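Structure at a glance
The lines below spell out each chain.
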Amino acid sequence: MATTDRQATTLALAHALSAAERGLAVIPLSRTKLPALRSPHRDTPDPAPCHGECGRFGHGVYDAATDPARIRALFAAAPWATGYGIACGLPPHHLIGVDLDTKSDTDSSAALRELALRHLFTIPATVVVLTPSGGRHLWLSGPPDVVVPNSAGRLAPGIDIRGAGGYLVGPGSRTDHGVYETAPGTAHLAPAACPPALLRLLLPPPRTHHPTPPSAGDHGQGLVQFVLAAHEGQRNTRLFWAACRAYEDGIGPTLVDPLVDAALNTGLTEREARATIASAARMTGHRPS
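Residues numbered from 1 in each chain as written. Predicted model: local features only at pLDDT ≥ 70, side-chain atom pairs only at ≥ 80, totals over all residues. Heavy atoms only, no water.

Considerations on the nonpolar core
One broad trend across soluble globular proteins is that nonpolar side chains are buried collectively. Heads up, the condition is: Put simply, buried Ala, Val, Leu, Ile, Met, Phe, Trp, Tyr and Cys residues joined by side-chain atoms within 4.5 Å make one nonpolar core. Using a 1.4 Å probe on the protein chains alone, a residue whose accessible area is under 20% of its type maximum counts as buried, one over 50% counts as exposed, and one in between counts as partly exposed. Contact definition: two residues touch when any of their heavy atoms are within 4.5 Å.
One finds I159 and L259 to be the most contacted residues of the largest nonpolar core, which totals 49 residues. Residues within four places of I159 in sequence aside, it is in contact with V98, D99, L100, S108, A111, L112, L115, A152, G153 and R154. Counting 33 residues, the second largest nonpolar core, distinct from the first, contains A36, I86, L95 and V129.

Things to note about the sheet that holds strand β2 (residues 83-87)
Backbone hydrogen bonds hold the strands of a sheet together, and the pairing may be parallel or antiparallel. Defined as follows: Pairs of strands are assigned from DSSP output, requiring at least two bridges between the strands. Numbering of helices and strands runs from the N terminus; a helix is a DSSP stretch of H or I covering at least four residues, while a strand is a stretch of E covering at least two. Note on method: axes are straight lines fitted to C-alpha atoms, helices fitted across the in-contact stretch only, with angles between N-to-C directions ranging 0 to 180 degrees.
Read from one edge to the other, the open sheet built from three strands follows the order β1-β2-β8, with strand pairing classed as antiparallel. Both outer strands of the open sheet, β1 (26-29) and β8 (167-169), are each paired with one neighbouring strand and no more. Neighbouring strand axes in the sheet, compared pairwise and without regard to direction, differ in orientation by 35 degrees on average. Summarising the sheet, β2 and β8 pair through three bridges and their orientation is antiparallel. Residue pairing across strands places I86 opposite L168, the latter belonging to β8. Strands in contact with helix α1 (residues 6-21) are β1 and β2; relative to β2, the strand with the most contacts, it is inclined by about 20 degrees. In this fold helix α2 (residues 68-77) packs onto β1 and β2, with an angle of close to 15 degrees to the strand it touches most, β1.

Brief notes about the packing of aromatic side chains
Selection criterion: Pairs were defined over the aromatic rings of Phe, Tyr and Trp, the Trp ring being its six-membered one, requiring ring centres within 6.5 Å. Orientation was assigned from the angle between planes: stacked under 30 degrees, edge-to-face over 60, tilted for the rest. Charge over a ring is defined by NZ of Lys or CZ of Arg lying within 6 Å of the ring centre and within 35 degrees of the ring normal.
Inspection of every chain in the model, using the stated rule, returns one aromatic pair. Between R245 and the ring centre of W241, over which it is positioned, the NZ or CZ distance is 4.4 Å.

Some details on the pairing of strand β7 (residues 159-162)
Sheet analysis places strand β3 (residues 95-100) next to β7, joined by four bridges and oriented antiparallel. Among the inter-strand pairings, G97 is bridged to a residue of β7, identified as R162. Both strand β6 (residues 151-156) and β7 contribute to a ladder of three bridges, which runs antiparallel. Across the sheet, residue A152 finds its bridge partner in β7, namely D160.

Structure follows, in structure tokens:
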């Protein structure tokens, strides 16, 4: 049974409320870094998927809030909480967390520097949170119309990404292994914009590759099919990725309408689809069609 550390809970609540003032949606965490509130559906056989529609607490990151009254209620329901999580992917910051781990044999910081050199990007000055194990969390801000998925080790060994549906342990949180702290000189910063070249690396690759010369033929059809295969939760991500590839290959203007039609078939609105494609055009240095 969870034990109560009233002082740690009070401090965690204070830090969580401070984060919420900056537009960061938060949830209470236990000392294990897991959401402090258990699912209200845990004893229900084969429960229907619920992201909080039932009105009760215990839906993990879907409980995240910036409203002080709701945050106080969440912590009141979890008096054993000693930390807080910050939901990623939500407005206004659309937070992306780059978790540089120390548990693997790989130097994750060196791996990130190598990626930056290879793909010609630099990590801007941003919030950095130091973990008790010696790792670092880099906070970056993503575009509002791009969904960055969570991943573990896909970018490079020792580098995990916290995106939509994920959360970061907030600075000031106390866990079984120690306290998370903001790195000196970064606490006053806002999450910096994710470099476009890094953002493209964070998006999932297509399932198939078409090595044909740039044209609106087979390659363009492959990008359209990639969008058509999107499931809910992947639609914007796949459309953005396909549009980036189309503009990089010189077929962006030709493929706008086919991509919009494909996006409409997945359930996006025309306005959403055209906004995502325009964002991809700007990110790849092109003028939106």
